[in-house]
Amino acid sequence: MRVVFKAREDRSSSMNAVMLLGILYGEYQHISSIMLQNKSLKDEMIGALFSREKSSVIREESSYFALEGMDYLIWQERNNRLSEESVHEVMMSVGEKSSFIPSGDRDAPGLYPEETGRLQLAILNILEQIADLVLFDCGALPDTLSRGLIEYGSLQVICLQQRKELIDEVMMERGIDMTRTFFIITDYDYSDIYNTKNIARLYGIPESRIGVIPRSKELENSVSKGEVSKFIKKNINSKVGSKNYYFMKELKTTGGNLLSAVNYGA
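Okay, so let's go over this structure. (Residues numbered from 1 in each chain as written. Predicted model: local features only at pLDDT ≥ 70, side-chain atom pairs only at ≥ 80, totals over all residues. Heavy atoms only, no water.)

**Some remarks on the overall build of the chain**
Argument step 1. Assigned secondary structure in the chain consists of 12 helices and eight strands.
Argument step 2. Taken across its 266 residues, the chain has 53% of its residues classed as buried.
Argument step 3. Summing over all exposed atoms, the chain offers an accessible surface of approximately 12700 Å²; the carbon and sulfur share of this is 48%. (Helix = DSSP H or I, 4+ residues; strand = E, 2+ residues; numbered from the N terminus. Buried < 20%, exposed > 50% of the residue type's maximum accessible area, 1.4 Å probe, protein only. Areas by Shrake-Rupley, 256 points an atom, 1.4 Å probe, with all protein chains shown as cover.)

Structure, rendered in structure tokens:
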């Protein structure tokens, strides 16, 4: 099943949600996942998943040498050569049963015509045959690919911050199919008046359809250092009273509720 993550205002919120949940599913529930970003986001996820040194190598190779990641898969699909073997060639392991596919950074004239979105959709179809979940970060900018992902049966996850004006705007938006939508409140503060219980009550949404990612300075540091996987592995079995117990407890609950929403829409 493919799940498309969209950010409202803070474009990094959807990226963080994809990484945290993708790695969590592999480490905690042994569910395989492939994480990737829309090409328009320029592979921002690389710097959060890999060390600075490795990130530099990945970017250099995808800029100057052979086609990498989604670049390579798009080329394969355009030439009717795409296969599961092609996908495994570009998958990069980031944890137990979780992988990442970079977008690639080639900008050759004519390489990405208007049909790029359609080609990426075709690629996602084969990714679903390889992994239990395909987690796709679309960022904050709406485009043809984002709309296509939702139209063709994907569950959409809308990531937003805990502000009344923003929550009002999203909840009142026309055209949202609530049966195929899950919400994640980022930088979550349970003491805020707009907690999940009140949001569910005010807008008539099941609380199980609202996940949270609590505010965490340690997570921010891990993202900046390319150590998100290390952060999850270190804290996944946190005990009551430990520094990151609350964070992991809420992340696990969010992951479980998201899986239920995915299975409901399957």
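**Some thoughts on helix H11 (residues 228-235)**
Argument step 1. Every buried residue belonging to H11 is among Val228, Ser229, Phe231, Ile232 and Asn235, and all of these are buried. For H11, the buried positions fall inside an angular range of 160° around the axis, keeping them on one side. In H11, those exposed residues whose orientation departs by more than 90 degrees from the buried face are Lys230 and Lys234. (Arc of directions from axis to C-beta.)

**Thoughts on the pattern of salt bridges**
Here the idea is simple: oppositely charged side chains can pair when their charged atoms come close.
Argument step 1. Scanning the entire structure with this criterion turns up 11 salt bridges.
Argument step 2. A salt bridge links glutamate 207 to lysine 197; the shortest N-O distance between them is 3.7 Å. Separated by 10 residues along the polypeptide, glutamate 207 in the loop between helix H9 (196-203) and strand E8 (210-214) and lysine 197 in helix H9 bring together distant segments of the chain.
Argument step 3. According to the relative accessible area criterion, lysine 197 is exposed, its value standing at 57%.
Argument step 4. The residue lysine 249 makes a salt bridge to glutamate 250 at a minimum N-O spacing of 3.8 Å.
Argument step 5. Look at lysine 249 and you get partly exposed, because its relative accessible area is 39%.
Argument step 6. Taken together, the shared-partner salt bridges connect Arg8, Glu169 and Glu173 into one network. (Salt bridge = Lys/Arg side-chain N within 4 Å of Asp/Glu carboxyl O.)

**Re the sheet that holds strand E3 (residues 92-95)**
Argument step 1. Strand order in the open sheet made by the eight strands is E3-E4-E2-E5-E1-E6-E7-E8, with mixed pairing throughout. Because the sheet does not close on itself, it has two edges, and the strands there are E3 and E8. Neighbour-to-neighbour, the strand axes of the sheet open up by a mean angle of 25°, direction not taken into account.
Argument step 2. Bridge count between strand E2 (residues 33-37) and strand E5 (residues 133-139): five bridges; the pairing is parallel. Its bridge partner being in E5, leucine 36 is matched across the sheet by phenylalanine 136.
Argument step 3. Seen against the sheet, H9 touches strand E7 (181-188) and E8 and runs at an angle of roughly 150° to E8. (Pairing = 2+ DSSP bridges. Axes fitted to C-alpha atoms, helices over the stretch in contact; angles between N-to-C directions. Contact = heavy atoms within 4.5 Å.)

**Quick word on unusual backbone geometry**
Argument step 1. Residues other than glycine seldom take positive phi values, yet asparagine 80 does so here, at roughly 55°.
Argument step 2. Locating asparagine 80 in the fold gives a position in the loop between helix H4 (69-78) and helix H5 (84-90).
Argument step 3. Phi at aspartate 187 is positive, roughly 50°, even though this residue is not glycine.
Argument step 4. Mapped onto the secondary structure, aspartate 187 falls in strand E7.

**Description of the nonpolar core**
Argument step 1. In terms of nonpolar packing, the biggest core is built from 42 residues, with Phe5, Leu20, Phe100, Ile184, Leu251 and Leu258 touching the most fellow members.
Argument step 2. For this core, the element with the highest residue contribution is helix H1 (residues 12-29), accounting for nine residues. (Core = buried A, V, L, I, M, F, W, Y, C linked by side-chain atoms within 4.5 Å.)

**As for H9**
Argument step 1. Residues Thr196, Ile199, Ala200 and Tyr203 constitute the buried set of H9. Projection of H9 onto a plane perpendicular to its axis shows the buried side chains occupying an angular sector of 100°, all on one side. Facing away from the buried side of H9, by more than 90 degrees, are the exposed residues Lys197 and Arg201.
Argument step 2. Residues of H9 that are buried in the fold lie against helix H8 (164-171), E7 and E8.
Argument step 3. Of the residues trailing H9, glycine 204 is marked for its positive phi of about 65°.

**A word on the pairing of strand E6 (residues 155-161)**
Argument step 1. Among the seven residues that make up E6, six are buried, leaving the element largely enclosed by the rest of the structure.
Argument step 2. Two elements, strand E1 (residues 2-7) and E6, share five bridges in a ladder whose sense is parallel. When the bridges of E6 are listed, valine 3 appears paired with leucine 155.
Argument step 3. In this structure, E6 lies alongside E7, joined through six bridges in parallel fashion.

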